[in-house]
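Analysis of the macromolecular model
These are the residues of each chain, in order.
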Amino acid sequence: MSEGTMQRRAQRDPSVKRLHRVLAGAAVVPAMLIVAGCSSDSGSDDGKDKAADSSASAAASASASPSPTVRAAVYKDLPEACDVLSKKTLDDLVPKAKSGKESRSEDISTRAGCSWDSLTNNGVDGSQFRWLSVSMLRFESDTTRGAGDELAEEYYTKQVGDVQAAEGAEDTKSEPVTDTGDEATAVRYDLKKKEGTFKQQTVVARVENVVLTLDYNGAGLAGDKAPSADDLMKDAKKAAKEAVKAVTGSGGGKSSGGDAESGSPSKSASSSAPAKD
């Protein structure tokens, strides 16, 4: 059979045509698989890139957020406690008193206090006793606890309440005091002891982030009559006003204000009571 005859027979034979189509299709399959594989890999890389971009954007947004700030405390220091009252004031309130006794404090820039006492002997008429104390507590601003003046205001309110609820106090009276810091309250009461009746006067004042407590009491001992509570209160208010002025002019300790980042208060500033003997 000639070659031409065989070719014509193959063209007429349907089985031969089907074989050609199968072989042609088999040749196309690997190419399709390769294309599909490339497309799948490309999609996977795009997903990774998008996830990475998303993470980077989140990190950049977090780093751009501002750190928390709080209003700076106005007063950064306290005056010397034993120097807040003039010699004349001390002579009037505690006559012939010796030098003041400074209170113990871990940090005198945050907590400070001083006290004086005197006993005037009037012979057979008895004697007059006087005791005077000044305590100061300064609050620093803190991003967790708040601004210094707000912390001082909270403590001021608590301190006034504590004085009003003093143990053993009788005939307690309270009144606001003007021109003494940002706010001030005077509390008076009688305190009976075996030595006699003590007339207690306390002035609690706040100036910005500092709370000042002035205690003044007097008693007539050994038969002498009790001093006038009105006179003692008048002297206490005058002394408190003078002490507050010492705080506001305390040696350049006043801050320029503005925002300040967190500065944790010292241990003594976190305490709930001013220094006392």
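Reading the values: the criteria
Residues numbered from 1 in each chain as written. Predicted model: local features only at pLDDT ≥ 70, side-chain atom pairs only at ≥ 80, totals over all residues. Heavy atoms only, no water. Disulfide = S-S within 2.5 Å. Helix = DSSP H or I, 4+ residues; strand = E, 2+ residues; numbered from the N terminus. Buried < 20%, exposed > 50% of the residue type's maximum accessible area, 1.4 Å probe, protein only. Pairing = 2+ DSSP bridges. Contact = heavy atoms within 4.5 Å. Axes fitted to C-alpha atoms, helices over the stretch in contact; angles between N-to-C directions. Core = buried A, V, L, I, M, F, W, Y, C linked by side-chain atoms within 4.5 Å. Salt bridge = Lys/Arg side-chain N within 4 Å of Asp/Glu carboxyl O.

Some points on the state of the cysteines
The final tally for this structure, using the stated rule, is one disulfide. The disulfide bridge from Cys82 ends at Cys114, spanning 2.0 Å between sulfur atoms. Here the S-S torsion is close to 95°, and the disulfide linking Cys82 with Cys114 is therefore right-handed. Linking Cys82 in the loop between strand S1 (70-71) and helix H3 (87-93) with Cys114 in strand S3 (residues 111-121), this pair joins segments that are 32 residues apart in sequence. Relative accessible area serves as the criterion here: at 1%, Cys114 is assigned to the buried category.

Considerations on the sheet that holds strand S4 (residues 127-138)
Taken together, the seven strands give an open sheet; going across it, the order is S2-S3-S4-S8-S7-S6-S5, and neighbouring strands pair in antiparallel fashion. Every other strand in the sheet has two partners, leaving strand S2 (101-102) and strand S5 (170-176) as the edge strands with one partner each. Contacting S4, S5, strand S6 (183-193), strand S7 (196-207) and strand S8 (210-221), helix H4 (residues 148-164) runs over the sheet at an angle of about 165° to S7. Here helix H5 (residues 229-248) sits on the sheet and contacts S4, S5, S6, S7 and S8; the angle it forms with S7, its principal contact strand, is near 30°.

So, the nonpolar core
Of all hydrophobic cores here, the largest spans 34 residues; its most connected members are Leu85, Trp116, Leu132, Val134, Met136 and Leu214. Take this core: its biggest share by element is nine residues, from H5. Sequence-distant contacts of Leu132, defined by excluding residues within four places in its chain, comprise Leu85, Leu90, Leu93, Val94, Cys114, Ser115, Trp116, Leu214, Asp215 and Tyr216. Judged by nonpolar contacts, the second largest core, of 12 residues, contains Phe139, Tyr155, Val163 and Val204.

Some details on the pattern of salt bridges
This model, assessed by the stated rule, comprises 13 salt bridges. Across the pair Glu140 and Arg138 runs a salt bridge, and its minimum N-O distance is 3.2 Å. Judged by its relative accessible area of 18%, Glu140 is buried. Among the ionic pairs, Asp182 bridges to Arg206, the shortest N-O distance being 3.8 Å. Here Arg206 lies in strand S7 and Asp182 lies in the loop between S5 and S6, a separation of 24 residues in the sequence. Through salt bridges with shared partners, a single ionic network connects Arg71, Asp149 and Glu150.

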